[in-house]
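Each chain, letter by letter, is given below.
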Amino acid sequence: MKKIFFAAMLSVSIVSACSKRGVTTDPTYVPPFIQPLAAGVTLQGSLPFPFGAAVNVNLLKNNTAYRALVIKEYNSLTPENAMKPATLHPQENTYNWDDADYLVDFARQNNKRVHGHTLVWYKSLPSWIKNYQGNTAAWENLLKTHIQTIVTHFKGKVASWDVVNEAFEDDGTLRNSIWVQKLGPDYIARCFQYAHEADPDAQLFYNDFGHEYGATKRTVILNLINNMKSRGIPINGIGMQMHTRYNMTESNWTAAITTAAQTGLKVHISELDVALNPDNNQNLTLTTALAETQAQKYLFIVKAYNAIPKAQQFGITTWNVSDADTWITGNYNRPDWPLPFDSNYNRKPAYQGILDGVK
Ligand code: G3I
């Protein structure tokens, strides 16, 4: 990768951006600026499959740099939080469409696909669902009404859905979610049927993390998917989140991607980020070497994805846009830089890694 170093200007900007978040950044770090890129080079324009980002609606509304970057770089958008049950369905008979509608309108105005996330999850449950009292039939009706009201509202506007998210534990057992407790393990298949009834044209995905951890978890996921396919349950795709880390053994990524593709379904790398500080080192700083290593990891993942059959390439989505917006720093309370844009919305080496992955 060829680079030009705009040391003074960019190091000042990255230090100030990071210090806003209370993150200590190496003052000697020089962000490698990606050059030369022909005018007009963008991710969405350079990749042979959709390239998306999870977006935060608040930032989309209020941060002009973020909004401009989303318009420029991506052609597929996933709401990071705006379509989760706790956001969309805060009371039994109340739906809060505001942020999700804003995102969908923004996407339509800017010619972008919307991937809905997520209809059913064990997390992000509003308290009325957590505390719901009812027999099995009432719970089934709750689930069906929840799914069908949301899918119907966005019919024709949201192309695809994560129907069920994270149903399995890392050891391969079915997660003992409220849905399993109330409705039994086959609730998953019924979620897909309910979503399909509401919008037969929507592409329906099962989404989970940890395909790259090893065979145990991905095997149960793939068994579930193959079982649903064999029963004629309407499932179109498999979402592998890929919240991963720079020091993951690379063959684990290849195994995850190729085994998912063996289902014959569409494959979505649905929440990609490559953490650089998986050991939670509070004093870690972003060095050029670390940023370059990350670029190679993005390259590897994109290349492995680009090798699956074209018809199965639903796309790759990163989980948010820049290092200032990532869930990782807040969730793990550590400095980290997992995304292809730095905190000032400048391209990192990872950006070039993504482009190089399809060369
Ligand atoms: O908006 C409220 C704010 O009003 C309140 O003051 C604050 C106090 O905690 O919470 C805010 O909500 C937070 C929300 O993010 C918006 O920032 C929630 O607490 C917090 O739990 C929520 O975290 C999200 C998490 O999912 C749980 O829904 C992350 O942003 C989001 O990145 C993360 O995304 C998940 C995917 O959906 C599924 N796969 C894993 C991925 C990462 O965890």
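A. Focus on the packing of helix H8 (residues 136-153) against helix H10 (residues 187-198). Closest axis-to-axis distance for the H8/H10 pair is 8 Å, and the angle between their directions is 40 degrees. As the angle between them shows, H8 and H10 are arranged oblique. Crossing handedness for the pair H8 and H10: right-handed. Where H8 approaches H10, its residues Glu 140, Leu 143, Lys 144, Ile 147, Gln 148, Val 151 and Thr 152 are matched on the opposing element by Arg 190, Cys 191, Tyr 194, Ala 195, Glu 197 and Ala 198.

B. Here's a closer look at helix H12 (residues 250-261). With 12 residues, H12 ought to run about 16 Å at 1.5 Å a step, and its terminal C-alpha atoms sit 17 Å apart, in line with that. Taken together, the buried positions of H12 are occupied by Trp 253, Ala 256, Ile 257, Thr 259, Ala 260 and Ala 261. On its buried face, H12 sits against helix H11 (215-230), strand E8 (237-240), strand E9 (243-245), strand E10 (266-275) and helix H13 (288-306).

C. Local environment of the site of the ligand. Every residue near the ligand is listed here: Glu 80, Asn 81, Lys 84, His 117, Trp 121, Asn 165, Glu 166, Gln 241, His 243, Glu 271, Trp 319 and Trp 327. For the ligand, an oxygen atom lies 2.9 Å from a polar atom in the side chain of Asn 81. Within the contact set of the ligand, an oxygen atom lies 2.7 Å away from a side-chain nitrogen or oxygen of Lys 84. Across the shell around the ligand, the residue classes tally to 3 nonpolar, 5 polar and 4 charged.

D. Local environment of the pattern of salt bridges. Within the structure shown, the criterion is met by 11 salt bridges. With a closest N to O distance of 2.7 Å, Glu 140 and Arg 190 form a salt bridge. Taken together, the residues span a long stretch of sequence, with Glu 140 in helix H8 and Arg 190 in helix H10 at a distance of 50 residues. The shortest N-O distance in the salt bridge between Asp 186 and Arg 231 comes to 2.8 Å. In this pair, Asp 186 is assigned in the loop between helix H9 (178-183) and H10 and Arg 231 in the loop between H11 and E8, connecting sequence segments 45 residues apart. The network of salt bridges with common partners includes Asp 170, Asp 208 and Lys 217.

Conventions adopted
- Residues numbered from 1 in each chain as written.
- Predicted model: local features only at pLDDT ≥ 70, side-chain atom pairs only at ≥ 80, totals over all residues.
- Heavy atoms only, no water.
- Axes fitted to C-alpha atoms, helices over the stretch in contact; angles between N-to-C directions.
- Helix = DSSP H or I, 4+ residues; strand = E, 2+ residues; numbered from the N terminus.
- Parallel < 35°, antiparallel > 145°, perpendicular 65-115°, else oblique.
- Left-handed = near helix turned anticlockwise from the far one by under 90°.
- Contact = heavy atoms within 4.5 Å.
- Expected span 1.5 Å × (residues − 1).
- Buried < 20%, exposed > 50% of the residue type's maximum accessible area, 1.4 Å probe, protein only.
- Near = heavy atom within 4 Å.
- Polar contact = N/O pair within 3.5 Å; in protein donor to acceptor, adjacent residues only side chain to side chain.
- Nonpolar A, V, L, I, M, F, W, Y, C, P; charged D, E, K, R; others polar.
- Salt bridge = Lys/Arg side-chain N within 4 Å of Asp/Glu carboxyl O.

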